[in-house]
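Breakdown of the fold
Residue-level listing of the chains:
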Amino acid sequence: MIDLPAAGAAAARDPLVVTLFIFSLGGLLTHVLFRRHPLGRAMVRVFFLVVLSIVLLRAGVVPYEPLTPTGAPFQDAVHAALKIAWWLWAAWFVVGFLRVFVVTEHRPREGKLVQDLLAGLVYLAALFAIVAYVFDLPIKGLLATSGAIAIILGLALQSTLSDVFSGIVLNFSRPYRPGDWISIDGGTDGRVIEMNWRATHVLTAKRDLAIVPNSTIAKAKIVNASSPSGIHGMTVTVQLDAKTPPATSAEILQQAILNTQLILAAPAPLVVVKSITADATEFDISFFVEELAQSTRAQNELFDRISRHLAAAGIGLASTQSQPPWAPQAALSQSAKTAAERAVDLVAIFAGLTDGERKTLAAKTKHRHFDAGEALVEPGTVLHSLFVIGGGVVSMSQVMSEGEIELLRIGPGDHFGEIGLLTGHAAEATLRALVPITTYELAKEDLAPVLEARPEVSHELCRALARRQAAGQLIASTGIDKSVPPSRVAAWFSDRLHRLFDLANAE
(Lines give C-alpha, C1' and ligand atoms only; values in the text may rest on other atoms or scores of the structure.)
Protein backbone atom coordinates (compact mmCIF):
# COMPACT_ATOMS: atom_id res chain seq x y z
CA MET A 1 0.00 0.00 0.00
CA ILE A 2 1.21 3.47 -0.86
CA ASP A 3 1.31 5.89 2.02
CA LEU A 4 -0.48 8.81 0.37
CA PRO A 5 0.25 11.41 3.08
CA ALA A 6 3.95 10.50 3.07
CA ALA A 7 4.06 10.54 -0.73
CA GLY A 8 2.31 13.90 -0.79
CA ALA A 9 4.74 15.36 1.74
CA ALA A 10 7.71 14.06 -0.26
CA ALA A 11 6.28 15.50 -3.47
CA ALA A 12 5.74 18.88 -1.83
CA ARG A 13 9.42 18.94 -0.81
CA ASP A 14 10.55 18.05 -4.36
CA PRO A 15 11.55 21.30 -6.17
CA LEU A 16 10.59 19.82 -9.52
CA VAL A 17 6.99 19.32 -8.38
CA VAL A 18 6.87 22.94 -7.30
CA THR A 19 8.45 23.91 -10.63
CA LEU A 20 5.76 22.02 -12.57
CA PHE A 21 3.03 23.73 -10.61
CA ILE A 22 4.58 27.19 -11.10
CA PHE A 23 5.19 26.58 -14.81
CA SER A 24 1.62 25.37 -15.35
CA LEU A 25 0.23 28.44 -13.63
CA GLY A 26 2.70 30.72 -15.46
CA GLY A 27 1.81 29.20 -18.81
CA LEU A 28 -1.88 29.79 -18.19
CA LEU A 29 -1.33 33.41 -17.11
CA THR A 30 0.98 34.04 -20.08
CA HIS A 31 -1.68 32.83 -22.51
CA VAL A 32 -4.28 35.11 -20.89
CA LEU A 33 -2.17 38.23 -20.34
CA PHE A 34 -0.18 38.16 -23.61
CA ARG A 35 -2.92 36.94 -25.93
CA ARG A 36 -2.62 40.07 -28.10
CA HIS A 37 1.13 40.50 -27.65
CA PRO A 38 2.87 37.63 -29.48
CA LEU A 39 6.34 39.14 -28.98
CA GLY A 40 5.86 39.36 -25.22
CA ARG A 41 4.50 35.82 -25.09
CA ALA A 42 7.53 34.56 -27.03
CA MET A 43 9.95 36.33 -24.64
CA VAL A 44 8.22 34.76 -21.60
CA ARG A 45 8.44 31.30 -23.21
CA VAL A 46 12.18 31.74 -23.83
CA PHE A 47 12.59 32.80 -20.21
CA PHE A 48 10.66 29.72 -19.06
CA LEU A 49 12.89 27.49 -21.23
CA VAL A 50 16.09 28.92 -19.72
CA VAL A 51 14.77 28.63 -16.15
CA LEU A 52 13.48 25.11 -16.75
CA SER A 53 16.87 24.04 -18.15
CA ILE A 54 18.66 25.41 -15.07
CA VAL A 55 16.21 23.77 -12.64
CA LEU A 56 16.40 20.37 -14.37
CA LEU A 57 20.21 20.36 -14.50
CA ARG A 58 20.53 21.44 -10.84
CA ALA A 59 18.13 18.63 -9.88
CA GLY A 60 20.23 16.12 -11.79
CA VAL A 61 17.59 15.51 -14.45
CA VAL A 62 19.33 15.71 -17.82
CA PRO A 63 16.76 16.13 -20.67
CA TYR A 64 18.86 14.23 -23.21
CA GLU A 65 19.47 11.20 -20.96
CA PRO A 66 17.03 8.41 -20.05
CA LEU A 67 14.90 9.14 -17.00
CA THR A 68 16.17 7.57 -13.76
CA PRO A 69 13.31 6.23 -11.56
CA THR A 70 13.13 7.64 -8.02
CA GLY A 71 10.84 4.95 -6.63
CA ALA A 72 7.99 7.45 -6.20
CA PRO A 73 5.53 7.14 -9.11
CA PHE A 74 4.18 10.66 -8.64
CA GLN A 75 7.63 12.23 -8.70
CA ASP A 76 8.60 10.14 -11.73
CA ALA A 77 5.50 11.38 -13.54
CA VAL A 78 6.39 15.00 -12.66
CA HIS A 79 9.96 14.54 -13.88
CA ALA A 80 8.66 13.01 -17.13
CA ALA A 81 6.19 15.87 -17.61
CA LEU A 82 8.94 18.46 -17.13
CA LYS A 83 11.23 16.68 -19.60
CA ILE A 84 8.40 16.52 -22.14
CA ALA A 85 7.75 20.24 -21.60
CA TRP A 86 11.49 20.95 -22.03
CA TRP A 87 11.68 19.10 -25.36
CA LEU A 88 8.52 20.75 -26.68
CA TRP A 89 9.71 24.20 -25.59
CA ALA A 90 13.13 23.54 -27.14
CA ALA A 91 11.48 22.48 -30.41
CA TRP A 92 9.30 25.61 -30.31
CA PHE A 93 12.39 27.78 -29.73
CA VAL A 94 14.28 26.22 -32.67
CA VAL A 95 11.25 26.59 -34.97
CA GLY A 96 10.89 30.25 -33.96
CA PHE A 97 14.58 30.81 -34.68
CA LEU A 98 14.22 29.22 -38.10
CA ARG A 99 11.16 31.32 -38.98
CA VAL A 100 13.07 34.50 -38.15
CA PHE A 101 16.37 33.76 -39.85
CA VAL A 102 15.63 31.29 -42.65
CA VAL A 103 14.70 33.37 -45.71
CA THR A 104 15.17 32.07 -49.27
CA GLU A 105 16.65 34.90 -51.36
CA HIS A 106 14.11 37.43 -50.10
CA ARG A 107 11.29 35.29 -51.46
CA PRO A 108 8.84 35.05 -48.54
CA ARG A 109 6.61 32.42 -50.10
CA GLU A 110 9.47 29.96 -50.68
CA GLY A 111 10.91 30.87 -47.28
CA LYS A 112 7.59 30.02 -45.62
CA LEU A 113 7.55 26.66 -47.37
CA VAL A 114 11.10 25.84 -46.20
CA GLN A 115 10.22 26.98 -42.69
CA ASP A 116 7.17 24.71 -42.58
CA LEU A 117 9.20 21.71 -43.75
CA LEU A 118 11.97 22.35 -41.22
CA ALA A 119 9.43 22.93 -38.45
CA GLY A 120 7.85 19.55 -39.17
CA LEU A 121 11.26 17.89 -38.99
CA VAL A 122 12.10 19.65 -35.71
CA TYR A 123 8.85 18.62 -34.02
CA LEU A 124 9.28 15.07 -35.34
CA ALA A 125 12.78 14.95 -33.87
CA ALA A 126 11.43 16.25 -30.55
CA LEU A 127 8.80 13.49 -30.58
CA PHE A 128 11.45 10.80 -31.08
CA ALA A 129 13.58 12.38 -28.33
CA ILE A 130 10.64 12.24 -25.93
CA VAL A 131 10.06 8.59 -26.78
CA ALA A 132 13.75 7.75 -26.23
CA TYR A 133 14.65 9.91 -23.20
CA VAL A 134 11.36 10.14 -21.35
CA PHE A 135 9.64 6.81 -21.97
CA ASP A 136 12.93 4.94 -22.51
CA LEU A 137 11.65 3.05 -25.56
CA PRO A 138 13.86 1.77 -28.42
CA ILE A 139 13.69 4.12 -31.40
CA LYS A 140 14.85 1.55 -33.96
CA GLY A 141 11.69 -0.50 -33.64
CA LEU A 142 9.59 2.64 -33.73
CA LEU A 143 11.38 3.83 -36.85
CA ALA A 144 10.86 0.48 -38.54
CA THR A 145 7.19 0.47 -37.59
CA SER A 146 6.74 4.07 -38.66
CA GLY A 147 8.49 3.26 -41.94
CA ALA A 148 6.01 0.50 -42.70
CA ILE A 149 3.15 2.76 -41.73
CA ALA A 150 4.60 5.49 -43.94
CA ILE A 151 4.69 3.11 -46.91
CA ILE A 152 1.06 2.12 -46.35
CA LEU A 153 -0.01 5.74 -45.97
CA GLY A 154 2.03 6.71 -49.02
CA LEU A 155 0.22 4.18 -51.18
CA ALA A 156 -3.16 5.23 -49.79
CA LEU A 157 -2.44 8.94 -50.19
CA GLN A 158 -0.52 8.70 -53.47
CA SER A 159 -2.67 11.27 -55.27
CA THR A 160 -2.60 13.75 -52.40
CA LEU A 161 1.14 13.37 -51.92
CA SER A 162 1.63 13.89 -55.64
CA ASP A 163 -0.26 17.18 -55.36
CA VAL A 164 1.79 18.21 -52.32
CA PHE A 165 5.19 17.48 -53.89
CA SER A 166 4.09 19.09 -57.16
CA GLY A 167 3.05 22.13 -55.09
CA ILE A 168 6.55 22.23 -53.56
CA VAL A 169 8.10 22.16 -57.04
CA LEU A 170 5.73 24.85 -58.35
CA ASN A 171 6.36 27.08 -55.33
CA PHE A 172 10.11 26.93 -55.90
CA SER A 173 10.17 27.06 -59.71
CA ARG A 174 7.48 29.82 -59.76
CA PRO A 175 6.12 29.42 -63.31
CA TYR A 176 3.39 31.84 -62.21
CA ARG A 177 2.48 34.02 -59.25
CA PRO A 178 -0.82 35.11 -57.67
CA GLY A 179 -2.29 37.77 -59.96
CA ASP A 180 -0.81 36.33 -63.17
CA TRP A 181 -3.00 35.41 -66.14
CA ILE A 182 -2.28 31.82 -67.14
CA SER A 183 -3.55 29.25 -69.63
CA ILE A 184 -3.29 25.62 -68.57
CA ASP A 185 -3.31 22.94 -71.24
CA GLY A 186 -6.77 21.42 -70.97
CA GLY A 187 -8.90 24.54 -71.20
CA THR A 188 -8.41 26.40 -67.90
CA ASP A 189 -7.67 30.09 -68.49
CA GLY A 190 -7.83 32.90 -65.96
CA ARG A 191 -6.10 34.84 -63.19
CA VAL A 192 -4.28 33.03 -60.39
CA ILE A 193 -5.93 33.84 -57.06
CA GLU A 194 -4.11 31.54 -54.66
CA MET A 195 -1.36 28.91 -54.62
CA ASN A 196 -1.13 26.36 -51.84
CA TRP A 197 0.51 22.98 -51.31
CA ARG A 198 -2.28 21.00 -52.90
CA ALA A 199 -3.91 23.11 -55.63
CA THR A 200 -3.94 26.39 -57.53
CA HIS A 201 -7.07 28.54 -57.50
CA VAL A 202 -7.80 30.22 -60.85
CA LEU A 203 -10.53 32.80 -61.46
CA THR A 204 -11.78 32.16 -65.00
CA ALA A 205 -13.19 34.66 -67.49
CA LYS A 206 -16.69 33.46 -66.53
CA ARG A 207 -15.98 34.54 -62.92
CA ASP A 208 -15.90 30.91 -61.80
CA LEU A 209 -13.28 29.60 -59.40
CA ALA A 210 -11.36 26.66 -60.87
CA ILE A 211 -9.35 24.64 -58.32
CA VAL A 212 -6.70 22.76 -60.30
CA PRO A 213 -4.57 20.08 -58.54
CA ASN A 214 -0.88 20.87 -58.59
CA SER A 215 -0.05 17.42 -59.99
CA THR A 216 -2.21 18.20 -63.04
CA ILE A 217 -0.48 21.55 -63.56
CA ALA A 218 2.98 20.02 -63.15
CA LYS A 219 2.28 17.66 -66.06
CA ALA A 220 0.55 20.22 -68.30
CA LYS A 221 1.76 22.95 -70.62
CA ILE A 222 1.45 26.34 -68.89
CA VAL A 223 1.31 29.65 -70.76
CA ASN A 224 1.88 32.64 -68.49
CA ALA A 225 0.38 35.69 -70.21
CA SER A 226 1.79 38.00 -67.49
CA SER A 227 5.43 36.97 -67.89
CA PRO A 228 7.98 38.24 -68.73
CA SER A 229 5.78 41.34 -69.25
CA GLY A 230 2.08 41.86 -68.81
CA ILE A 231 1.36 42.58 -72.48
CA HIS A 232 -0.62 39.99 -74.41
CA GLY A 233 -0.56 39.42 -78.15
CA MET A 234 -3.39 38.15 -80.29
CA THR A 235 -4.29 37.73 -83.96
CA VAL A 236 -7.61 38.18 -85.78
CA THR A 237 -8.48 37.39 -89.39
CA VAL A 238 -10.47 39.58 -91.78
CA GLN A 239 -11.56 38.76 -95.33
CA LEU A 240 -12.20 41.75 -97.61
CA ASP A 241 -13.57 42.11 -101.10
CA ALA A 242 -10.86 41.24 -103.66
CA LYS A 243 -11.97 44.16 -105.88
CA THR A 244 -10.05 46.54 -103.60
CA PRO A 245 -6.24 46.47 -103.97
CA PRO A 246 -4.56 44.80 -100.96
CA ALA A 247 -2.44 47.88 -100.28
CA THR A 248 -5.54 50.09 -99.97
CA SER A 249 -7.31 47.59 -97.73
CA ALA A 250 -4.21 47.21 -95.55
CA GLU A 251 -4.02 50.99 -95.13
CA ILE A 252 -7.66 51.15 -94.00
CA LEU A 253 -7.05 48.29 -91.54
CA GLN A 254 -4.03 50.14 -90.14
CA GLN A 255 -6.21 53.19 -89.56
CA ALA A 256 -8.77 51.03 -87.76
CA ILE A 257 -6.00 49.70 -85.52
CA LEU A 258 -4.82 53.27 -84.85
CA ASN A 259 -8.40 54.18 -83.92
CA THR A 260 -8.50 51.44 -81.22
CA GLN A 261 -7.02 52.90 -78.04
CA LEU A 262 -6.65 49.57 -76.22
CA ILE A 263 -4.12 48.38 -78.82
CA LEU A 264 -0.52 49.23 -77.88
CA ALA A 265 1.68 51.18 -80.25
CA ALA A 266 4.72 49.11 -79.22
CA PRO A 267 5.21 46.34 -80.10
CA ALA A 268 3.86 47.63 -83.38
CA PRO A 269 0.69 46.01 -84.78
CA LEU A 270 1.13 44.10 -88.02
CA VAL A 271 -1.22 43.61 -90.98
CA VAL A 272 -0.27 40.68 -93.21
CA VAL A 273 -1.89 39.54 -96.45
CA LYS A 274 -2.43 35.86 -95.75
CA SER A 275 -4.02 34.84 -99.02
CA ILE A 276 -5.78 36.27 -102.07
CA THR A 277 -8.37 34.69 -104.32
CA ALA A 278 -10.77 35.88 -106.98
CA ASP A 279 -13.39 36.57 -104.29
CA ALA A 280 -11.49 37.64 -101.19
CA THR A 281 -8.27 38.97 -99.76
CA GLU A 282 -7.54 37.51 -96.33
CA PHE A 283 -5.61 39.56 -93.77
CA ASP A 284 -4.07 38.54 -90.44
CA ILE A 285 -4.01 41.40 -87.93
CA SER A 286 -1.59 40.91 -85.03
CA PHE A 287 -1.58 43.34 -82.11
CA PHE A 288 -0.84 43.62 -78.40
CA VAL A 289 -2.80 44.80 -75.36
CA GLU A 290 -1.62 45.64 -71.85
CA GLU A 291 -3.00 42.45 -70.28
CA LEU A 292 -5.02 39.40 -71.14
CA ALA A 293 -8.10 40.84 -69.43
CA GLN A 294 -8.33 43.53 -72.14
CA SER A 295 -8.12 41.14 -75.09
CA THR A 296 -11.87 40.64 -75.54
CA ARG A 297 -12.68 44.35 -75.27
CA ALA A 298 -9.83 45.23 -77.62
CA GLN A 299 -10.96 42.66 -80.19
CA ASN A 300 -14.58 43.87 -80.08
CA GLU A 301 -13.50 47.49 -80.36
CA LEU A 302 -11.18 46.68 -83.25
CA PHE A 303 -13.93 44.89 -85.19
CA ASP A 304 -16.23 47.88 -84.65
CA ARG A 305 -13.54 50.28 -85.90
CA ILE A 306 -12.82 48.04 -88.91
CA SER A 307 -16.49 48.00 -89.81
CA ARG A 308 -16.75 51.80 -89.60
CA HIS A 309 -13.54 52.49 -91.52
CA LEU A 310 -14.47 50.04 -94.25
CA ALA A 311 -17.96 51.54 -94.54
CA ALA A 312 -16.54 55.05 -94.75
CA ALA A 313 -14.09 53.98 -97.46
CA GLY A 314 -16.74 52.07 -99.42
CA ILE A 315 -14.89 48.76 -99.05
CA GLY A 316 -16.98 45.64 -98.51
CA LEU A 317 -16.28 42.38 -96.76
CA ALA A 318 -15.69 39.30 -98.87
CA SER A 319 -18.87 37.70 -100.18
CA THR A 320 -19.61 34.10 -99.15
CA GLN A 321 -21.98 31.41 -100.32
CA SER A 322 -23.96 31.79 -97.11
CA GLN A 323 -25.00 35.32 -98.00
CA PRO A 324 -28.60 35.86 -99.15
CA PRO A 325 -29.18 36.79 -102.81
CA TRP A 326 -29.82 40.43 -102.01
CA ALA A 327 -26.49 40.96 -100.17
CA PRO A 328 -24.34 41.75 -103.26
CA GLN A 329 -26.91 44.26 -104.44
CA ALA A 330 -26.89 45.92 -101.01
CA ALA A 331 -23.11 46.12 -101.09
CA LEU A 332 -23.27 47.66 -104.55
CA SER A 333 -25.77 50.24 -103.30
CA GLN A 334 -23.48 51.11 -100.38
CA SER A 335 -20.43 51.58 -102.59
CA ALA A 336 -22.45 53.81 -104.93
CA LYS A 337 -22.94 56.43 -102.19
CA THR A 338 -20.73 59.47 -101.97
CA ALA A 339 -18.12 59.76 -99.24
CA ALA A 340 -20.22 62.39 -97.45
CA GLU A 341 -23.28 60.15 -97.50
CA ARG A 342 -21.31 57.22 -96.10
CA ALA A 343 -19.96 59.43 -93.31
CA VAL A 344 -23.42 60.77 -92.36
CA ASP A 345 -24.82 57.21 -92.39
CA LEU A 346 -22.31 56.28 -89.69
CA VAL A 347 -23.36 59.06 -87.28
CA ALA A 348 -25.34 57.49 -84.44
CA ILE A 349 -27.53 60.54 -83.81
CA PHE A 350 -28.77 60.42 -87.42
CA ALA A 351 -29.71 56.74 -87.27
CA GLY A 352 -33.40 57.64 -86.93
CA LEU A 353 -33.46 59.61 -90.19
CA THR A 354 -34.54 58.14 -93.47
CA ASP A 355 -32.06 57.52 -96.26
CA GLY A 356 -33.43 60.56 -98.08
CA GLU A 357 -33.04 62.84 -95.07
CA ARG A 358 -29.46 61.68 -94.47
CA LYS A 359 -28.72 62.18 -98.17
CA THR A 360 -30.09 65.73 -97.95
CA LEU A 361 -27.89 66.47 -94.95
CA ALA A 362 -24.85 65.02 -96.69
CA ALA A 363 -25.44 67.27 -99.68
CA LYS A 364 -25.28 70.34 -97.42
CA THR A 365 -21.96 69.45 -95.82
CA LYS A 366 -18.70 71.19 -96.55
CA HIS A 367 -15.72 68.89 -96.65
CA ARG A 368 -12.16 69.74 -95.70
CA HIS A 369 -8.93 67.74 -95.83
CA PHE A 370 -6.21 67.72 -93.15
CA ASP A 371 -2.75 66.20 -93.44
CA ALA A 372 -1.18 63.96 -90.79
CA GLY A 373 0.00 66.01 -87.80
CA GLU A 374 -2.18 69.02 -88.68
CA ALA A 375 -4.35 70.48 -85.91
CA LEU A 376 -8.11 70.54 -86.55
CA VAL A 377 -8.95 72.41 -83.35
CA GLU A 378 -6.68 74.37 -81.03
CA PRO A 379 -7.55 75.40 -77.45
CA GLY A 380 -9.47 78.66 -77.53
CA THR A 381 -11.19 77.93 -80.86
CA VAL A 382 -14.96 78.50 -80.84
CA LEU A 383 -16.80 75.99 -83.06
CA HIS A 384 -20.16 77.03 -84.49
CA SER A 385 -20.90 73.89 -86.53
CA LEU A 386 -21.12 70.13 -86.15
CA PHE A 387 -18.16 68.35 -87.72
CA VAL A 388 -18.35 64.72 -88.84
CA ILE A 389 -15.19 62.71 -89.53
CA GLY A 390 -15.38 60.98 -92.88
CA GLY A 391 -12.07 59.13 -92.86
CA GLY A 392 -8.84 58.83 -90.87
CA VAL A 393 -8.10 59.02 -87.16
CA VAL A 394 -8.06 62.09 -84.90
CA SER A 395 -6.43 62.33 -81.46
CA MET A 396 -8.06 64.47 -78.77
CA SER A 397 -5.59 65.66 -76.10
CA GLN A 398 -5.55 68.23 -73.35
CA VAL A 399 -2.75 69.90 -71.39
CA MET A 400 -2.92 69.04 -67.70
CA SER A 401 -0.60 69.39 -64.71
CA GLU A 402 1.28 66.19 -65.66
CA GLY A 403 1.61 67.26 -69.31
CA GLU A 404 -0.40 66.69 -72.47
CA ILE A 405 -2.74 63.72 -72.01
CA GLU A 406 -4.57 61.96 -74.85
CA LEU A 407 -8.25 61.71 -73.92
CA LEU A 408 -9.52 59.59 -76.80
CA ARG A 409 -9.30 58.87 -80.50
CA ILE A 410 -12.15 59.37 -82.92
CA GLY A 411 -12.69 58.13 -86.44
CA PRO A 412 -15.33 57.80 -89.18
CA GLY A 413 -18.84 58.56 -87.95
CA ASP A 414 -17.64 60.41 -84.84
CA HIS A 415 -18.32 64.10 -84.50
CA PHE A 416 -17.16 67.14 -82.56
CA GLY A 417 -18.13 70.79 -82.08
CA GLU A 418 -21.46 70.15 -80.31
CA ILE A 419 -20.71 72.08 -77.13
CA GLY A 420 -19.34 75.09 -78.96
CA LEU A 421 -22.44 75.03 -81.18
CA LEU A 422 -24.78 74.95 -78.17
CA THR A 423 -22.96 77.19 -75.69
CA GLY A 424 -20.55 79.35 -77.70
CA HIS A 425 -17.67 78.37 -75.38
CA ALA A 426 -14.17 77.90 -76.71
CA ALA A 427 -12.62 74.46 -76.94
CA GLU A 428 -10.11 73.42 -74.27
CA ALA A 429 -8.74 70.33 -76.03
CA THR A 430 -6.57 69.89 -79.10
CA LEU A 431 -7.70 67.78 -82.04
CA ARG A 432 -4.84 66.58 -84.23
CA ALA A 433 -4.88 64.33 -87.31
CA LEU A 434 -2.85 61.14 -86.84
CA VAL A 435 -3.26 60.28 -90.55
CA PRO A 436 -4.69 62.26 -93.47
CA ILE A 437 -8.37 62.85 -92.69
CA THR A 438 -11.51 64.38 -94.17
CA THR A 439 -14.22 66.18 -92.18
CA TYR A 440 -17.73 67.24 -93.16
CA GLU A 441 -19.17 70.39 -91.61
CA LEU A 442 -22.89 70.82 -90.87
CA ALA A 443 -23.79 74.44 -90.09
CA LYS A 444 -26.52 75.50 -87.68
CA GLU A 445 -28.91 76.51 -90.45
CA ASP A 446 -28.47 73.09 -92.10
CA LEU A 447 -29.30 71.20 -88.90
CA ALA A 448 -32.26 73.33 -87.84
CA PRO A 449 -34.83 72.04 -90.42
CA VAL A 450 -34.05 68.40 -89.60
CA LEU A 451 -34.25 68.92 -85.84
CA GLU A 452 -37.47 70.86 -86.17
CA ALA A 453 -39.12 68.28 -88.40
CA ARG A 454 -37.83 65.27 -86.43
CA PRO A 455 -37.99 65.96 -82.65
CA GLU A 456 -36.78 62.42 -81.89
CA VAL A 457 -33.49 63.28 -83.59
CA SER A 458 -32.96 66.23 -81.26
CA HIS A 459 -33.79 64.02 -78.26
CA GLU A 460 -31.31 61.38 -79.42
CA LEU A 461 -28.68 64.09 -79.93
CA CYS A 462 -29.24 65.27 -76.34
CA ARG A 463 -29.01 61.76 -74.95
CA ALA A 464 -25.87 61.04 -76.99
CA LEU A 465 -24.24 64.25 -75.77
CA ALA A 466 -25.18 63.42 -72.17
CA ARG A 467 -23.52 60.00 -72.52
CA ARG A 468 -20.40 61.51 -74.04
CA GLN A 469 -20.30 64.18 -71.35
CA ALA A 470 -20.48 61.48 -68.65
CA ALA A 471 -17.57 59.68 -70.33
CA GLY A 472 -15.55 62.90 -70.53
CA GLN A 473 -15.47 62.85 -74.34
CA LEU A 474 -16.72 66.36 -75.17
CA ILE A 475 -14.63 69.33 -76.16
CA ALA A 476 -15.18 72.45 -74.01
CA SER A 477 -17.18 70.55 -71.46
CA THR A 478 -16.70 73.51 -69.12
CA GLY A 479 -19.48 75.11 -71.15
CA ILE A 480 -21.93 72.91 -69.26
CA ASP A 481 -23.43 74.43 -66.15
CA LYS A 482 -21.69 72.70 -63.23
CA SER A 483 -24.83 73.00 -61.11
CA VAL A 484 -26.69 70.65 -63.46
CA PRO A 485 -26.99 67.16 -61.91
CA PRO A 486 -25.68 64.33 -64.13
CA SER A 487 -29.19 62.90 -64.43
CA ARG A 488 -30.43 66.21 -65.89
CA VAL A 489 -27.63 66.81 -68.42
CA ALA A 490 -29.78 65.48 -71.30
CA ALA A 491 -32.56 67.90 -70.38
CA TRP A 492 -30.00 70.72 -70.20
CA PHE A 493 -28.84 69.88 -73.74
CA SER A 494 -32.46 69.79 -74.91
CA ASP A 495 -33.09 73.25 -73.48
CA ARG A 496 -30.01 74.63 -75.22
CA LEU A 497 -31.11 73.06 -78.50
CA HIS A 498 -34.54 74.67 -78.20
CA ARG A 499 -33.01 78.06 -77.56
CA LEU A 500 -30.48 77.71 -80.36
CA PHE A 501 -32.85 76.49 -83.08
CA ASP A 502 -36.12 78.00 -81.75
CA LEU A 503 -37.81 74.61 -81.87
CA ALA A 504 -41.10 75.75 -80.43
CA ASN A 505 -42.95 72.71 -81.78
CA ALA A 506 -40.30 70.11 -80.99
CA GLU A 507 -42.16 68.70 -78.01
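Only a predicted model underlies this, so the values are computations on that prediction, with no experimental measurement involved. (Residues numbered from 1 in each chain as written. Predicted model: local features only at pLDDT ≥ 70, side-chain atom pairs only at ≥ 80, totals over all residues. Heavy atoms only, no water.)

Observations regarding the overall build of the chain
When helices and strands are tallied, the chain shows 17 helices and 16 strands. The buried share of the chain, taken over its 507 residues, is 40%. Within the chain, contacts between residues at least 6 apart in sequence are counted, and of these 69% link residues at least 24 apart. Carbon together with sulfur atoms contributes 61% to the accessible area of the chain, which is approximately 27,800 Å² in total. (Helix = DSSP H or I, 4+ residues; strand = E, 2+ residues; numbered from the N terminus. Buried < 20%, exposed > 50% of the residue type's maximum accessible area, 1.4 Å probe, protein only. Contact = heavy atoms within 4.5 Å. Areas by Shrake-Rupley, 256 points an atom, 1.4 Å probe, with all protein chains shown as cover.)

Quick word on the packing of helix α9 (residues 246-258) against helix α10 (residues 295-313)
Between α9 and α10, the shortest axis-to-axis distance is 8 Å and the interhelical angle comes to 135 degrees. Between α9 and α10, the interaxial angle falls into the category oblique. The element α9 and its partner α10 pack so that their crossing is right-handed. Seen from α9, the contacting residues are Ile252, Leu253, Gln255, Ala256 and Ile257; seen from α10, they are Leu302, Arg305, Ile306, His309, Leu310 and Ala313. In terms of residue class, the contact of α9 with α10 is made up of eight nonpolar, two polar and one charged. (Axes fitted to C-alpha atoms, helices over the stretch in contact; angles between N-to-C directions. Parallel < 35°, antiparallel > 145°, perpendicular 65-115°, else oblique. Left-handed = near helix turned anticlockwise from the far one by under 90°. Nonpolar A, V, L, I, M, F, W, Y, C, P; charged D, E, K, R; others polar.)

Some details on α10
The end-to-end C-alpha distance of α10, which contains 19 residues, comes to 26 Å, matching closely the 27 Å that a straight helix rising 1.5 Å per residue would cover. Looking only at α10, the buried set comprises Ser295, Ala298, Leu302, Arg305, Ile306, Arg308, His309, Leu310, Ala311 and Ala312. Positive backbone phi, at 75 degrees, marks Gly314, one or two positions downstream of α10. (Expected span 1.5 Å × (residues − 1).)

So, the pairing of strand β13 (residues 403-410)
Alignment of strand β12 (residues 394-400) against β13, held across seven bridges, turns out to be antiparallel. Counted as the bridge partner of Met400 is Gly403 from β13. Counted along the chain from β12 to the antiparallel partner β13, the turn is two residues long. (Pairing = 2+ DSSP bridges.)

Let's talk about the sheet that holds strand β5 (residues 222-224)
If you trace the five strands from one edge of the open sheet to the other, you get β4-β3-β2-β1-β5, paired in antiparallel fashion. Two strands bound the open sheet, and with one partner strand each, they are β4 (209-213) and β5. Between one strand axis and the next, the sheet turns by 40 degrees as a mean value, whatever way the strands run. Relative to strand β3 (residues 199-204), strand β2 (residues 188-195) runs antiparallel, the two being bridged by five bridges. Each residue of the ladder has a partner; that of Arg191, found in β3, is Leu203.

Overview of the packing of aromatic side chains
The tally for this structure, following the rule as stated, stands at one aromatic pair. With 5.2 Å between their ring centres and 5 degrees between their planes, Phe387 and Phe416 make a pair best called stacked. Linking Phe387 in strand β11 (residues 385-391) with Phe416 in strand β14 (residues 415-416), this pair joins segments that are 29 residues apart in sequence. (Phe/Tyr/Trp six-rings, centres within 6.5 Å; stacked < 30°, edge-to-face > 60°.)

Considerations on the sheet that holds strand β8 (residues 280-289)
The sheet built from three strands is open, its strands ordered β6-β8-β7 with antiparallel pairing. Strand pairing shows two members of the sheet lacking a second neighbour, β6 (232-241) and β7 (270-276), which therefore form its edges. Neighbour to neighbour, the strand axes of the sheet diverge by 25 degrees on average, direction disregarded. Sheet analysis places β6 next to β8, joined by 10 bridges and oriented antiparallel. Directly across from Val238, in β8, lies its bridge partner Phe283. Across the sheet, α9 is in contact with β6, β7 and β8; its angle to β8 comes to roughly 25 degrees.

Some remarks on α9
With 13 residues, α9 extends 18 Å between its outermost C-alpha atoms, agreeing within 8% with the 18 Å of an ideal straight helix rising 1.5 Å per residue. Those residues of α9 lying buried are Ser249, Ala250, Ile252, Leu253, Gln255, Ala256 and Ile257. Structurally, α9 contributes buried residues whose contacts are with β6, β7, β8 and α10.

Focus on the nonpolar core
Among the nonpolar cores identified, the biggest contains 21 residues, and Leu253, Ile285, Phe287, Leu302 and Ile306 are the most heavily contacted of them. Elements with a minimum of two residues in this core: β6, α9, β8 and α10. Among all residues touching Phe287, those that are not within four sequence positions of it are His232, Gly233, Met234, Val236, Ile263, Pro269, Ala298 and Leu302. Judged by nonpolar contacts, the second largest core, of 19 residues, contains Phe350, Leu386, Val388 and Leu451. (Core = buried A, V, L, I, M, F, W, Y, C linked by side-chain atoms within 4.5 Å.)

Observations concerning unusual backbone geometry
Here the bond from Ala266 into Pro267 is cis, since omega is -5 degrees, no more than 30 degrees from zero. Examined against the element boundaries, Pro267 turns out to sit in the loop between α9 and β7. Its identity as a non-glycine residue notwithstanding, Arg207 has a phi of 65 degrees, on the positive side. Relative to the elements of secondary structure, Arg207 occurs in the loop between β3 and β4. Using a relative accessible area of 63% as the deciding quantity, one classes Arg207 as exposed.

A look at the environment of Gly391
With respect to the element layout, Gly391 can be found in strand β11. Not counting chain neighbours up to four residues away, the residues in contact with Gly391 comprise Pro412, Pro436, Ile437 and Thr438.

Re the side chain of Glu341
Mapped onto the elements of the fold, Glu341 is located in helix α12 (residues 339-345). Summary of buried charges: Glu341 has no salt-bridge partner, and the nearest side chain of opposite charge, Lys359, is 4.5 Å away. If sequence neighbours within four positions are ignored, Glu341 has contacts with Lys359 and Ala362. (Lys, Arg positive; Asp, Glu negative; His and termini not counted. Salt bridge = Lys/Arg side-chain N within 4 Å of Asp/Glu carboxyl O.)

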